[in-house]
Amino acid sequence: MSADSGRASRGGASLVVHKLTDGYDGRPVVHSVDLTVLPGEIVSIVGPNGSGKSSLLKGIMGEVPIHEGRVELDGRDITGFAPEDVVRAGVGYVPQVDDVFPPLTVRENLEMGGYLLPARQVSSRIDEVVAVFPALERLLPRRAGKISGGERKMLAFGRVLMLRPSLFVLDEPTANLAPRVAAQLLDENVRRLSSSGASTLIVEQRARAVLSISDGTFVLTGGRVRMSGTPDELATDPAFVESFLGGQTRASDTGH
C-alpha cells in the first residue's frame with residue numbers, strides 16, 4: 001500500500017523522510033523509516049510507548065543524530081541540520097515537555113517565539129497569533145506557569161506560530177491532559193494550526209482521537225513503520241483496531 005494512498009495535496013510544505021535511521025550513542029532506535037506529509041496535511045504517528053516515535057521527531061528536528069537516510073522539506077535536504085537551522089528552514093517544533101517558559105508571561109512567551117523577527121514586527125505578529133487562538137488574549141498578562149495545562153499547550157502552539165512555519169511538528173501534545181481537554185486540543189487547536197496554512201506532523205498516544213483529525217497515519221512499533229494509511233483504511237484493519245482502538249470501531253469512541 002502506498003504511504004500516501006487516498007490523500008490529496010493542499011497548500012503548505014511537504015515533508016519526506018526516506019529510510020531514516022537514528023538513535024543515541026551509536027545505537028539505532030528508529031530503523032529505515034519512510035514517511036510522507038503532503039502539503040497542508042495533518043499526519044499522525046501512533047504506536048506503543050518506547051516505539052521510537054519521539055526519537056523519530058527528534059531526528060527530523062536535528063536533536064538526535066541521523067545514522068542513515070534523509071529528510072526533505074519542500075524538496076530541500078535538511079538532513080542533519082542543527083535544530084536552529086531546521087527552525088529557520090520553516091519547521092515549528094512543540095516538544096512534549098519544556099514547551100513554554102513558566103516564569104514569563106504569556107505575552108513574553110510569544111515574544112520569545114518571535115526571536116527571529118525584526119523587533120518592529122513582533123507586536124503585530126502577536127495580534128495575528130491571538131486572532132488564531134482568541135483565548136490567549138485574556139491570558140497575555142498572566143505568567144505561563146499559572147495557567148492550565150490546556151492553555152499552556154495552546155500557548156506553545158502560539159509561540160511556534162509566531163514565525164509562520166510551513167510545517168508543525170508536535171510531540172504528544174495531549175500528554176497529561178484530561179480526556180475532554182485533550183479532545184478539544186486536538187479537534188480545535190491542532191486544526192487551527194493546520195488552517196494557518198502549514199502542514200502538521202503529530203505524535204499522539206490517543207489513537208482514536210488523533211485519527212479523527214488526520215489525513216494519514218503511520219504506525220510505529222519497535223522503531224519501524226508497521227502499517228500506514230488513511231484513518232478510514234486503518235479503522236477497518238483488524239490488527240490496528242485490536243491494538244490501538246481496543247477492538248472497537250471508531251463509532252464507539254472512548255477517547256483513548
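Residues numbered from 1 in each chain as written. Predicted model: local features only at pLDDT ≥ 70, side-chain atom pairs only at ≥ 80, totals over all residues. Heavy atoms only, no water.

Enquirer: Just to check I follow, could you spell out the packing of helix 3 (residues 106-113) against helix 5 (residues 149-161) for this structure?
Expert: Contact geometry for helix 3 and helix 5: axes closest at 7 Å, N-to-C directions at 35 degrees. Regarding helix 3 and helix 5, the two cross each other, and that crossing is right-handed. On the side of helix 3, the interface is formed by Val106, Asn109, Leu110 and Gly113, while helix 5 contributes Leu155, Gly158 and Arg159. A breakdown of the residues in the contact of helix 3 with helix 5 according to their chemical character gives 3 nonpolar, 3 polar and 1 charged. (Axes fitted to C-alpha atoms, helices over the stretch in contact; angles between N-to-C directions. Helix = DSSP H or I, 4+ residues; strand = E, 2+ residues; numbered from the N terminus. Left-handed = near helix turned anticlockwise from the far one by under 90°. Contact = heavy atoms within 4.5 Å. Nonpolar A, V, L, I, M, F, W, Y, C, P; charged D, E, K, R; others polar.)

Enquirer: What is the right way to look at the nonpolar core in this model?
Expert: Side chains of nonpolar character tend, in soluble globular proteins, to be buried together. Ranked by internal contacts, the top residues of the largest apolar core, which has 46 residues, are Phe133, Leu136, Leu155, Phe157, Leu170, Val190 and Phe240. Within the residue set of this core, elements represented by two or more residues are strand 3 (42-46), helix 3, helix 4 (119-132), helix 5, strand 7 (167-171), helix 6 (179-195), helix 7 (207-211) and helix 9 (238-244). For this core, the element with the highest residue contribution is helix 5, accounting for 6 residues. For Phe133, the contacting residues outside a window of four places in its chain are Met154, Phe157, Gly158, Leu161, Asn189, Arg192 and Leu193. Val43, Ile78, Val91 and Phe218 belong to the second largest nonpolar core, which has 26 residues in total. (Core = buried A, V, L, I, M, F, W, Y, C linked by side-chain atoms within 4.5 Å. Buried < 20%, exposed > 50% of the residue type's maximum accessible area, 1.4 Å probe, protein only.)

Enquirer: Explanation requested: unusual backbone geometry in the structure shown.
Expert: With the exception of glycine, most residues fall at negative phi, and the peptide bonds are largely trans. The phi dihedral of Lys19 falls on the positive side, at around 50 degrees, and the residue is not glycine. Overall, the relative accessible area of 39% leaves Lys19 in the partly exposed class. In this structure, Asn176 takes a positive phi of about 70 degrees despite not being glycine. Note on placement: Asn176 falls in the loop between strand 7 and helix 6.

Enquirer: Can you walk me through the pattern of salt bridges in this structure?
Expert: Side-chain pairs of opposite charge can arise whenever the charged atoms involved come near each other. Following the criterion strictly, the structure yields 8 salt bridges and no others. Of the charged contacts, one joins Glu128 and Arg125 as a salt bridge, the two residues approaching to 2.5 Å between their closest N and O atoms. Taken as a pair, Glu128 and Arg125 lie in helix 4 at a separation of 3 residues, close to a single helical turn. For Glu128, a relative accessible area of 33% gives the class partly exposed. When the shortest N-O distance is used, the salt bridge between Arg191 and Asp187 registers 3.1 Å. Separated by 4 residues within a single helix, Arg191 and Asp187 lie in helix 6, roughly one turn from each other. Owing to a relative accessible area of 37%, Arg191 belongs among the partly exposed residues under this scheme. Among the charged side chains, a salt-bridge network with shared partners connects Arg125, Glu128 and Arg164. (Salt bridge = Lys/Arg side-chain N within 4 Å of Asp/Glu carboxyl O.)

Enquirer: I'm lost on the sheet that holds strand 8 (residues 199-203) in this one. Help?
Expert: Adjacent strands of a sheet form backbone hydrogen bonds with each other and so pair up, either parallel or antiparallel. Read from one edge of the open sheet, 6 strands run 6-7-8-3-9-10, paired in mixed fashion. Each of the sheet's edge strands pairs with one partner strand only, and the pair in question is strand 6 (91-94) and strand 10 (224-229). Within the sheet, the average angular offset between the axes of one strand and its neighbour, ignoring direction, is 15 degrees. Here strand 7 pairs with strand 8 via 5 bridges, running parallel. Directly across from Phe168, in strand 8, lies its bridge partner Thr200. Sitting on the sheet, helix 5 touches strand 6 and strand 7, and the angle it makes with strand 6 is about 160 degrees. (Pairing = 2+ DSSP bridges.)

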